[in-house]
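Descriptive analysis of the structure
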Amino acid sequence: MTFLAGAAAAAESASVKVSDDLTIHYLESGKGPTTVLFVPGWTMPADVFERQLAHFADSDRYRFIAIDPRSQGKSTHTVEGNFYTQHGRDLNAFISTLKLDNVVLAGWSYASLDVLSYVNQFGASKLKALVLIDGSPKTSGADNTKEWVWMRKDDADGGRQYFTMSFLENRPQATTDFVNWMLEKPQQKDVDWLVSLSLQTSNAAAALLNETGAYCDYEADLRALDGKVPLLYIGRDEVKDVMTTWASTNTPSAKVVTFGKHMMFWERPEEFNRTFDEFLASLK
């Protein structure tokens, strides 16, 4: 293992071969008996969780791990397997290879599909809790202003086409626009850093991951966890109404918190980490 510089100076970098075609790179900090496993969203690597890695650096209660999913960051970049059913299988392979159990599993953005794909295929027997960070269990619906979904099925707003085709036709500009949207207060150095992280994923993999994500619907899987696995949903302010409405109807046991924009865990780490710590403290 090697040590990182910067905000995650206490984090360790490692890689593990989980299948014939995939080696997963991950960062970890803390030495506790409970594993907290974070999965970053579309095209992003574990580095985005630098402020959570730093937060858990001296923990003797939690082992914090953040992974690079297939074709993202320093994990193996493959031509095949860039869809969410396979991401769920990859996550299971990682958990099994490292012999993790009683895991607090968290997915940010489209990685909500990673973690719910895992639950769909392998169940929740190894989970202590599940956390969705500004992601949703279903990607498309009739009206994304009234439903907890990312895009419209009929693509009347052009979102699905934009995030598929623009990432093939003009990746640097599309990625810059996307990063600016994610941040509450974009600063050029931060935008440049995040763009560079996203660009580690190929244009083809990015487009395919967006397009295949449009077909994902794990609402039933998330609904089935209610009352069985502690649930935490942390979302950006603008989804407060749709997320709260869905949660109260489908998973009333879930704790729901909203603040900031899409990268609130990075821009508002104190607020995010405090919220997350309170949730961890509530677990039995």
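Please refer to the structure placed before this passage.
Residues numbered from 1 in each chain as written. Predicted model: local features only at pLDDT ≥ 70, side-chain atom pairs only at ≥ 80, totals over all residues. Heavy atoms only, no water.

Side chains that differ in sign of charge can pair as their charged atoms come close. As enumerated under the stated definition, the model contains 12 salt bridges in all. Across the pair Asp-90 and Arg-70 runs a salt bridge, and its minimum N-O distance is 2.8 Å. Of this pair, Asp-90 sits in helix α2 (residues 84-97) while Arg-70 sits in the loop between β5 (62-67) and α2; the two residues are 20 residues apart in sequence, bridging distant segments of the chain. Residue Asp-90 shares its accessibility class with Arg-70, and that shared class is buried. Here Arg-160 and Glu-211 are joined by a salt bridge, their closest N and O atoms 2.5 Å apart. Note that Arg-160 is positioned in helix α4 (residues 159-169) and Glu-211 in helix α7 (residues 203-213), a separation of 51 residues in sequence. Residues joined in a network through salt bridges with shared partners are Asp-21, Arg-70 and Asp-90. (Salt bridge = Lys/Arg side-chain N within 4 Å of Asp/Glu carboxyl O. Helix = DSSP H or I, 4+ residues; strand = E, 2+ residues; numbered from the N terminus. Buried < 20%, exposed > 50% of the residue type's maximum accessible area, 1.4 Å probe, protein only.)

Position of Glu-50 among the secondary structure elements: in helix α1 (residues 50-55). Among the polar contacts listed, one links the side chain of Glu-50 to the side chain of Trp-266, at a separation of 2.8 Å. (Polar contact = N/O pair within 3.5 Å; in protein donor to acceptor, adjacent residues only side chain to side chain.)

Further remarks concern the environment of Pro-230. Here Pro-230 is to be found in the loop between α8 (219-225) and β10 (231-235). Since its relative accessible area comes to 33%, Pro-230 is described here as partly exposed. With 153 residues separating them along the chain, Pro-230 and His-77 place their C-alpha atoms 33 Å apart. The residues touching Pro-230, leaving out its near neighbours within four places in the chain, are Lys-128, Ala-129, Leu-130, Phe-279 and Leu-283. (Contact = heavy atoms within 4.5 Å.)

Before going further, it helps to spend a moment on the pairing of strand β7 (residues 127-133). Most of β7 sits out of view: 7 of its 7 residues are buried. Two strands pair when backbone bridges link them, and strand β6 (residues 103-108) and β7 are joined in this way by 6 bridges, in the parallel orientation. Within β7, the position partnered with Val-103 by the bridge is Leu-127. Running through helix α3 (residues 111-122), the crossover from β6 to the neighbouring parallel element β7 is right-handed. Note: β7 against β10, 4 bridges, orientation parallel. Bridging from a neighbouring strand, Ile-133 pairs with Ile-234 of β10. (Pairing = 2+ DSSP bridges. Right-handed = clockwise from strand over helix to strand, strands pointing away.)

Bridge analysis of strand β2 (residues 12-19) against strand β3 (residues 22-29) gives 7 bridges, and the strand direction is antiparallel. Across the sheet, Glu-12 pairs through a bridge with Glu-28, a residue of β3. Once β2 ends, the chain turns through 2 residues before running back antiparallel as β3.

Take the environment of Gly-81 next. Its location among the elements puts Gly-81 in the loop between β5 and α2. In this structure Gly-81 comes out as buried when scored by relative accessible area, which is 10%. Considering only alpha carbons, one finds Gly-81 and Gly-123, 42 residues apart in sequence, at a separation of 21 Å. Contact partners of Gly-81, with chain neighbours within four places excluded, come to Arg-70, Gln-86 and His-87.

Interpretation in functional terms is not warranted from these geometric data alone.
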